[in-house]
Amino acid sequence: MSKQVLIGAPQGDERLDFRSSYDDTEKSKFISKAKENPFVPAGIGGALFALAYAAFKFKNRGDQKVSVFLIHTRVAAQGAVVGALTVGCIYQIFQEFIWNKKK
């Protein structure tokens, strides 16, 4: 009895690496995105720092209402993320158009 071989199927040591996005873990997805754009983790870190600082300062907010304090905290966290992404975009523009002009 002869062995049937599928056309295009890997033979012997030939193996195709089909990786689905469903196979990746959250950690591996985050690491690959961080390698593509390193300013995203910096923005996340800045937001976490702003939130941690606000949690630390929550006791000593004085006469300020909680809602106003939380709005200021949200603005600080969003500002950190937007600032990091803006710096990342400016860096990429310089990298692609100004520093690589010699090529």
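Residues numbered from 1 in each chain as written. Predicted model: local features only at pLDDT ≥ 70, side-chain atom pairs only at ≥ 80, totals over all residues. Heavy atoms only, no water.

Novice: Where do I start with the overall build of the protein chain in this structure?
Specialist: Each helix and strand counted, the protein chain has three helices and zero strands in total. Helices and strands appear in the protein chain in the N-to-C order α-α-α. Expressed as a percentage of the 103 residues in the protein chain, the buried residues total 9%. In the protein chain, once contacts between residues fewer than 6 apart in sequence are set aside, the share between residues at least 24 apart is 53%. Working note: accessible area of the protein chain is about 9,300 Å², and carbon and sulfur atoms make up 62% of it. (Helix = DSSP H or I, 4+ residues; strand = E, 2+ residues; numbered from the N terminus. Buried < 20%, exposed > 50% of the residue type's maximum accessible area, 1.4 Å probe, protein only. Contact = heavy atoms within 4.5 Å. Areas by Shrake-Rupley, 256 points an atom, 1.4 Å probe, with all protein chains shown as cover.)

Novice: Which parts of the structure should I look at to understand a nonpolar patch on the surface?
Specialist: Together, Phe30, Ile31, Val40, Ile44, Leu48, Leu51 and Leu85 make up an exposed nonpolar region whose accessible area comes to about 580 Å². When residues of the nonpolar patch are traced back to their parent elements, those giving at least two are α1 (26-36) and α2 (39-57). If you tally residues by element for the nonpolar patch, the top one is α2, at four residues. Position of leucine 85 relative to the elements: it lies in helix α3 (residues 66-98). By relative accessible area, leucine 85 is classed as partly exposed at 36%. (Patch = residues over 30% accessible without salt bridge, like charges linked within 9 Å, V, L, I, M, F, W, Y side chains within 5 Å. Salt bridge = Lys/Arg side-chain N within 4 Å of Asp/Glu carboxyl O.)

Novice: How should I be thinking about the UniProt feature "transmembrane region" (unreviewed entry) in the protein chain in this particular structure?
Specialist: The UniProt record marks residues 39-56 and 76-94 with the feature "transmembrane region" (unreviewed entry), using the residue numbering of this structure. As annotated, residues 39-56 comprises 100% helix and 0% strand, and the C-alpha atoms at either end are separated by 25 Å. In residues 76-94, helix accounts for 100% and strand for 0%; the two terminal C-alpha atoms are 27 Å from one another. (UniProt positions renumbered as here; feature names shortened; annotations may be inferred.)

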